[in-house]
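Here is what each chain is made of, one letter per residue.
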Amino acid sequence: MRAAMRDTNTAKTAIRVLVLASLAAIFAGPWYTEPGYDWIAHSVSELAGQHTKNAWIMRGGLLALGAASIAGFLAFRPGFNVLFAGFGLFIALSALFPHKPFVTDRPYSELLDQVHSICASVAGLCAVLGFVFKARVAEARAAMLSYALIAAAYTLVPMLMFSLPAWQGLFQRALFLSFSIWVLADGLPRRRDA
C-alpha cells in the first residue's frame with residue numbers, strides 16, 4: 001500500500017514538473033528566441049521552428065507536455081482517457097517534426113512543416129474528443145458542463161487563430177495554459193491514496 005502511494009505521488013510529481021517545464025518554455029519564449037518574435041502574433045510552434053535560435057527549448061517543452069499526458073493516462077485512468085494519451089503522442093510528434101521558421105526568407109523543409117501541422121491538428125482533435133468523452137461520462141452536471149465548454153472552446157479558438165492571425169499566439173497560449181491547468185487541477189487525483 002505504501003509503495004503504491006509512493007508510486008502515485010511520484011507520478012503526480014513527475015507530471016507536474018513536466019507540465020510546468022512546458023509552460024516555462026511557452027511563456028519564456030520571447031526571451032530565448034530570435035528578435036522579432038511576438039508572443040501575441042507568433043505561435044508556440046514557431047518557437048520550436050526549423051533553424052530557429054534555441055528551438056530545442058520549445059521542442060523540449062512540447063515533448064514534456066506530451067510525456068505528461070501519456071504518463072497521466074498510464075497512471076491515472078479514467079481521469080486521463082486514451083484520447084489524452086493520443087494528444088500527448090501527437091503533441092510530442094509535433095516537436096519532432098518542426099514548424100517552418102517565423103523568420104522570413106529562411107530555408108526550411110516543407111515536408112516537416114506539413115507533418116507538423118498534421119500532428120498538431122490531430123493533437124487538438126484528441127484533446128477536444130477527450131473532453132467530449134469526459135463530458136459524456138461525468139456524473140455531476142457541473143463537471144459535464146465544464147468539460148463540454150472546454151471541448152467547445154478547443155474547437156472555436158483554433159478557428160479564431162485562423163481568422164485573426166495577428167492574435168494566434170495569444171489564443172494558442174490560452175489553449176496550452178488551460179490544458180495545463182486542467183492537468184494540474186483536475187486531471188490528477190486529489191486524494192493522497194488515489
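Residues numbered from 1 in each chain as written. Predicted model: local features only at pLDDT ≥ 70, side-chain atom pairs only at ≥ 80, totals over all residues. Heavy atoms only, no water.

## Observations regarding the overall build of the protein
A tally of helices and strands in the protein yields 8 helices and 0 strands. N-terminal to C-terminal, the α/β element order of the protein is α-α-α-α-α-α-α-α. In terms of overall size, the protein behaves like a compact globule, its C-alpha atoms giving a radius of gyration of 17 Å where 194 residues would be expected to give roughly 16 Å. With the C-alpha coordinates aligned to their principal axes, the bounding extent of the protein is approximately 55 × 35 × 25 Å. Within the protein, contacts between residues separated by at least 24 positions form 66% of all contacts whose residues are at least 6 apart in sequence. Working note: accessible area of the protein is about 10,300 Å², and carbon and sulfur atoms make up 69% of it. The distance from the centre of the 16 positive side-chain charges to the centre of the 10 negative ones in the protein is 13 Å. (Helix = DSSP H or I, 4+ residues; strand = E, 2+ residues; numbered from the N terminus. Rg over C-alpha atoms; globule rule 2.2 N^0.38 Å. Contact = heavy atoms within 4.5 Å. Areas by Shrake-Rupley, 256 points an atom, 1.4 Å probe, with all protein chains shown as cover. Lys, Arg positive; Asp, Glu negative; His and termini not counted. Charge placed at Lys NZ, Arg CZ, Asp CG, Glu CD.)

## Considerations on the packing of helix α5 (residues 82-96) against helix α6 (residues 110-137)
Packing of α5 against α6 leaves a shortest axis separation of 8 Å and a crossing angle of 165°. Relative to α6, the element α5 lies roughly antiparallel. Of the two elements, α5 crosses α6, and the hand of that crossing is left-handed. In this structure, α5 uses Leu 83, Phe 84, Gly 86, Phe 87, Phe 90, Ile 91, Leu 93 and Ser 94 to contact α6, whose residues at the interface are His 116, Cys 119, Ala 120, Val 122, Ala 123, Cys 126, Ala 127, Leu 129, Gly 130, Phe 131, Phe 133 and Lys 134. Of the residues that constitute the contact of α5 with α6, the class distribution is 15 nonpolar, 4 polar and 1 charged. (Axes fitted to C-alpha atoms, helices over the stretch in contact; angles between N-to-C directions. Parallel < 35°, antiparallel > 145°, perpendicular 65-115°, else oblique. Left-handed = near helix turned anticlockwise from the far one by under 90°. Nonpolar A, V, L, I, M, F, W, Y, C, P; charged D, E, K, R; others polar.)

## So, unusual backbone geometry
One non-glycine residue with positive phi stands out, namely Asn 54, at about 60°. Looking at the secondary structure, you find Asn 54 in the loop between α3 (44-47) and α4 (55-75). Overall, Asn 54 belongs to the partly exposed group, its relative accessible area being 26%. Phi at Asp 105 takes a positive value of approximately 65°, unusual for a residue other than glycine. (Buried < 20%, exposed > 50% of the residue type's maximum accessible area, 1.4 Å probe, protein only.)

## Here we look at the pattern of salt bridges
Tallying each qualifying case throughout the model produces 1 salt bridge. Close ionic contact of Glu 34 with Arg 106 constitutes a salt bridge, the shortest N to O distance being 2.7 Å. With Glu 34 in the loop between α2 (29-32) and α3 and Arg 106 in the loop between α5 and α6, this pair connects stretches of sequence that are 72 residues apart. When its relative accessible area of 14% is taken as the criterion, Glu 34 is described as buried. With relative accessibility at 25%, the residue Arg 106 sits in the partly exposed group. (Salt bridge = Lys/Arg side-chain N within 4 Å of Asp/Glu carboxyl O.)

## Observations regarding the confidence of the model for the protein
With 94% of its residues at a pLDDT of 70 or more, the protein has an overall mean of 92. Ranking the elements of the protein by mean pLDDT puts helix α1 (residues 2-27) last with 86 and α5 first with 97. (pLDDT = per-residue confidence, 0-100.)

## So, the layout of surface pockets
Approximately 770 Å³ is the volume found for the largest pocket. If you trace the largest pocket, you find 27 residues lining it, with Ala 120, Ser 121, Pro 158, Met 161 and Gln 172 closest to the centre. Elements with a minimum of two residues in the lining of the largest pocket: α3, α5, α6, α7 (141-163) and α8 (168-187). Here the lining of the largest pocket gets 9 residues from one element, more than from any other, and that element is α6. Considering only residue class, the lining of the largest pocket consists of 16 nonpolar, 11 polar and no charged. (1 Å grid on protein atoms, 1.4 Å probe; cavity = no way out; pocket = protein on both sides within 12 Å on 5 of 7 lines; lining within 4 Å. Points joined across faces, edges and corners; volume = space filled by probe spheres on them.)

## What about α5?
With 15 residues, α5 should cover 21 Å at 1.5 Å per step; its first-to-last C-alpha distance of 21 Å lies within 8% of that length. Here α5 has its buried residues at Phe 84, Ala 85, Gly 86, Phe 87, Gly 88, Ile 91, Ala 92, Ser 94 and Ala 95. Those residues of α5 hidden inside the fold are in contact with α4, α6 and α8. If you check the start of α5, you find a side-chain oxygen 3.0 Å away from the backbone N of Leu 83, and it comes from Asn 81. (Expected span 1.5 Å × (residues − 1). Polar contact = N/O pair within 3.5 Å; in protein donor to acceptor, adjacent residues only side chain to side chain.)

## Quick look at the nonpolar core
Ranked by size, the top nonpolar core spans 42 residues in total, and within it Met 58, Leu 62, Phe 80, Phe 87, Phe 131, Phe 179 and Trp 182 carry the most contacts. Looking at this core, the elements with two or more residues in it are α1, α3, α4, α5, α6, α7 and α8. (Core = buried A, V, L, I, M, F, W, Y, C linked by side-chain atoms within 4.5 Å.)

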